[in-house]
Structure formats: structure tokens, C-alpha cells
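The residues making up each chain are set out below.
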Amino acid sequence: MQKTITALLLSLPLISTTTLSTTVNDVCKAKENAMALSYQQQSGEVTALQLQTYAFATARFKQIIQEQHSTEKMAIVLDLDETVIDNTPLLVRDMNNCHDLNAWDTWSDWEQKGQPRLIPGAKAFLDYVDSQNVKIFYVSDRLQKNKAATLNSLKVLELPQVSNDNVLLDTGSKEQRRASIRQHYDIIMLFGDSLADFDAIFKNKKSTKYQRHLVQQQAEHLGKDWFVLPNASYGTWRNAPLTPWNKK
């Protein structure tokens, strides 16, 4: 029997490691996200950036309220995913199952049943904002049909000012929702992991080169009233061409 198995193995065509690697990559394109997800979920550097962003935001917030006579009509606006809450477990599960992250077809189930974690620094900052009687709005493109589940997730995390009126989900563009808030409040700070969380000028699939140009134009907002959180997992930049060093 042993000789028969050996003869059979010797008769099989050889597969080079290069061919095997190419085949695996073709079958599971989602594995290309492994490095980005490792950085986003596991790196101390991302944790440091998150804590740093909210520390800067706290200092800036204190400065703003000290300069004003009343906080009654003040508000801050935050995106949710990768800004206040961490969804990387969903993305890692999908990657491990070789599921295309760009399909977005697993998010509804995650919104209903998932258990997101807090972004480091977010809750301490939001609790302080709440203590100063400043309004907090969570503006997210999560599905409106899952609003009850999203509200429950945020309440489980004990985030402040979680209510039907303060959590604005995908019922129109984020710019429209921000405009509705501005009818009643002065938005003093915006938080997000995507540039479209700050201004509609970054929408409509503009090239990453042009987005970088727009960032330069809007640089005066950064650290003043715009606070950007890191997200290496997904974004409009994912399919942008890379620039190599061409030296032989």
C-alpha cells in the first residue's frame, strides 16, 4: 500500500510555491486586507492615535466653552463606526471567510446582533461634553431599519445622550443631517474616520489625489473643529493606484 501511495504522489504534477500563492490569492482576495486589519485592530499605534485625537479634542473643547457665555445652543457631531465604536471583529470574520469586504452585505446583521467595542478615548471625551450640557449628535450611515438595535448597542456601551432624536442614521446624506442640526444648534466640532464626515465636498468618488488637495485647502479646520480618526480597514482610497520607487 505504501508503495502504491508513493507512486501516486510521484505521478502528480509539481506545483510551485509561486503558483500556489497566486492560486490562494485569487481564491481569497479578502486576505489582502490582513495587514490593514492587523494595524487597525491590534496595533498600539492606532490606539495611540485614537487616544491622542480625543485628548486634543478635549483640550480644544475646553478652550471653546471658556470663550463662550453659554453652551445651551452648542453641539458636537460624531460618526459612529471607527470613530466612536470599533467594528473590526466583523471585518476580520469576513476576511477569514474569504468574503469581499466591499460587498457590505454583512453589515445589517452586525448592526442587529454585533457587539462593537468602544474606540479608546471616545467615552471619556463624550462624558465630559455631556457634563458641560453640550448637545451630542451621532450621525451615521447605519441602516435606519436597524435603528433600535444601534440604539441598544450604544446604550450597552453607556454612551451619553443616546436617544431617537440624537442618533441620526441613513435617512439622507450626512450633509443634510448636519444641516438639520445646524437649524437649532451651533456645531462646534465634527468627528469622523472619513473625509465625508466633515464636508460634502469630499463626496462623489473624487480621486484620492484631489481629496488630498482638498485637505490642504481645508487644513485650517484640522484640530480646530475637525477631528479625524484613523481607519486602515476601508475607505474611498482602497483601490487607488500606488506609487513605486522606480530605481532598478
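As the structure is a prediction and not an experimental result, all values here were calculated from the model.

(A) Structural view of the overall build of the protein. A count of helical and extended segments in the protein gives 10 helices and 7 strands. Per-residue burial for the protein yields a buried fraction of 39% across its 248 residues. Total accessible area on the protein stands at roughly 15,000 Å², and carbon and sulfur atoms take up 54% of it.

(B) View of the packing of helix H3 (residues 34-42) against helix H5 (residues 88-96). In the contact formed by H3 and H5, the axes pass within 11 Å of each other and the chain directions differ by 155°. Classified by the angle between their axes, H3 and H5 sit roughly antiparallel to one another. In the packing of H3 onto H5, the handedness of the crossing is left-handed. For the pair H3 and H5, contact is made by Ala34, Leu37, Gln40 and Gln41 and by Thr88, Pro89, Leu91, Val92 and Met95, respectively. Grouping the amino acids of the contact of H3 with H5 by side-chain chemistry returns 6 nonpolar, 3 polar and no charged.

(C) Here's a closer look at the packing of helix H4 (residues 44-67) against helix H7 (residues 122-131). Interhelical geometry of H4 versus H7 gives an angle of 10° and a closest axis separation of 9 Å. Of the possible angle classes, the one that applies to H4 and H7 is roughly parallel. When H4 is examined against H7, the residues Tyr54, Ala57, Thr58, Phe61, Lys62 and Ile65 are found in contact with a partner set consisting of Ala122, Phe125, Tyr128 and Val129. Among the residues making up the contact of H4 with H7, the classes are represented as 8 nonpolar, 1 polar and 1 charged.

(D) The arrangement of H7 in detail. Residues of H7 that are buried include every one of Ala122, Phe125, Leu126 and Val129, and no others. Here the buried residues of H7 occupy an arc of 95° about the axis, which is enough to place them on one side. Against H4, strand E1 (74-78), strand E4 (135-139) and strand E6 (186-192) lie the buried residues of H7. Directly after H7, the chain includes Asn133, whose backbone phi takes a positive value near 60°.

(E) View of the confidence of the model for the protein. Here the protein averages 90 in pLDDT, while 89% of its residues score no lower than 70. Contacts for the low-pLDDT stretch residues 15-24, under 50 throughout, to residues beyond four places or in other chains number 1 contact.

(F) Main features of the sheet that holds E6. Pairing in this open sheet of 5 strands is parallel, and the strands run E5-E4-E1-E6-E7 from one edge to the other. Among the strands making up the open sheet, the edge pair consists of strand E5 (167-168) and strand E7 (226-228). One ladder, built from 3 bridges, connects E6 with E7; its direction is parallel. Across the sheet, residue Gly192 finds its bridge partner in E7, namely Val228. In the packing of helix H9 (residues 174-182) onto the sheet, the strands contacted are E1, E4, E5 and E6, and the crossing angle to E6 comes to about 150°.

Cut-offs applied
- Residues numbered from 1 in each chain as written.
- Predicted model: local features only at pLDDT ≥ 70, side-chain atom pairs only at ≥ 80, totals over all residues.
- Heavy atoms only, no water.
- Helix = DSSP H or I, 4+ residues; strand = E, 2+ residues; numbered from the N terminus.
- Buried < 20%, exposed > 50% of the residue type's maximum accessible area, 1.4 Å probe, protein only.
- Areas by Shrake-Rupley, 256 points an atom, 1.4 Å probe, with all protein chains shown as cover.
- Axes fitted to C-alpha atoms, helices over the stretch in contact; angles between N-to-C directions.
- Parallel < 35°, antiparallel > 145°, perpendicular 65-115°, else oblique.
- Left-handed = near helix turned anticlockwise from the far one by under 90°.
- Contact = heavy atoms within 4.5 Å.
- Nonpolar A, V, L, I, M, F, W, Y, C, P; charged D, E, K, R; others polar.
- Arc of directions from axis to C-beta.
- pLDDT = per-residue confidence, 0-100.
- Pairing = 2+ DSSP bridges.

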